[in-house]
Amino acid sequence: MAQLVFGMNQSLDGYVDHMAFGPSPTLFRHFIEQTRGLTGSVYGRRMYEVMRYWDEDHPEWDAAERDFATAWRSQPKWVVSRTLKSVGPNATLVANDIEATIRKLKAELDGEIDVVGPDLARSLTDLGLIDEYRIYLHPVVLGSGKPFFAGPRPPLRLKSSERMDENVIRLAYVPA
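Residues numbered from 1 in each chain as written. Predicted model: local features only at pLDDT ≥ 70, side-chain atom pairs only at ≥ 80, totals over all residues. Heavy atoms only, no water.

A. Spotlight on the pairing of strand β1 (residues 2-10). Of all nine residues making up β1, seven are buried, and the element is well covered by its neighbours. Direction of pairing for β1 relative to strand β6 (residues 111-116): parallel, over a ladder of five bridges. Counted as the bridge partner of A2 is G111 from β6. As defined by bridge partners, β1 adjoins strand β7 (residues 132-137) across six bridges and the pair is classed as parallel. When the sheet's bridge partners are listed, G7 is paired in β7 with R134. (Buried < 20%, exposed > 50% of the residue type's maximum accessible area, 1.4 Å probe, protein only. Helix = DSSP H or I, 4+ residues; strand = E, 2+ residues; numbered from the N terminus. Pairing = 2+ DSSP bridges.)

Structure below.
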């Protein structure tokens, strides 16, 4: 049975914003390896549109960025959207019966499925489908923006904590 994991970089005050801060080279390497090991990813529309950046090569990329793009392109993606009409390579559009689709993925697949996007994570949390939450806590205060938890926080229990680089700690929580 697959495990659904929602993880994102987060500021100290609880916000996620890929434009406000990014991973160090050490943390980026972690994300490359993590992506390589995924069974697949479930995206909300907005985060999928952001991540489509990795679909095409860019001449300014360094080796790590090329490695991430290769890993990202190779994994299956399920995109939850009622407004998109099509999705890119190695992606499947999920427009209806989201709960049944995700439950089927969990039942039929093994390994880890990444949940990408706080709004999608809220919907899947409300359905009791997320198995683990990973907060990559950065020493940044944003003051506003999109929160990691887009709705009421579920009761959680700390599973583990790990220092990822000189500034970032990963906190892993499971539903209590």
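Next, the rest of the story.
B. Looking closely at helix α1 (residues 25-37). The terminal C-alpha atoms of α1, which comprises 13 residues, lie 19 Å apart, in line with the 18 Å expected from a rise of 1.5 Å per residue. Within α1, the full set of buried residues consists of L27, F28, F31, I32, Q34 and T35. Summarising the axial view, the buried residues of α1 lie within an arc of 165°, below the 170-degree limit, and thus occupy one face. Exposed residues on α1 whose side chains face more than 90 degrees from its buried face are P25 and G37. Where the residues of α1 are buried, they touch β1, α3 (63-74), β6 and β7. (Expected span 1.5 Å × (residues − 1). Arc of directions from axis to C-beta. Contact = heavy atoms within 4.5 Å.)

C. Just the environment of A64, in detail. Positionally, A64 belongs in helix α3. When the C-alpha positions of A64 and G111 are compared, they lie 24 Å apart, and in sequence the two are 47 residues distant. Residue contacts for A64: discarding those within four places in its chain leaves F28, R29 and I32.

D. Quick peek at the pattern of salt bridges. Under the counting rule described, the total for this entry stands at 16 salt bridges. A salt bridge links R36 to D67, with the shortest nitrogen-to-oxygen separation between them at 4.0 Å. Placement of the pair is R36 in helix α1 and D67 in helix α3, with a sequence separation of 31 residues. Relative accessible area serves as the criterion here: at 43%, R36 is assigned to the partly exposed category. Exposure remark for D67: the relative accessible area of 25% places this residue in the partly exposed category. For E132, the salt bridge identified is with R134, shortest N-O distance 2.7 Å. On the accessibility criterion, E132 (8% relative accessible area) is buried. Among the residues examined, R134 registers a relative accessible area of 10% and is labelled buried. Three or more residues are tied together by salt bridges with common partners; here these are R29, E33, R36 and D67. (Salt bridge = Lys/Arg side-chain N within 4 Å of Asp/Glu carboxyl O.)

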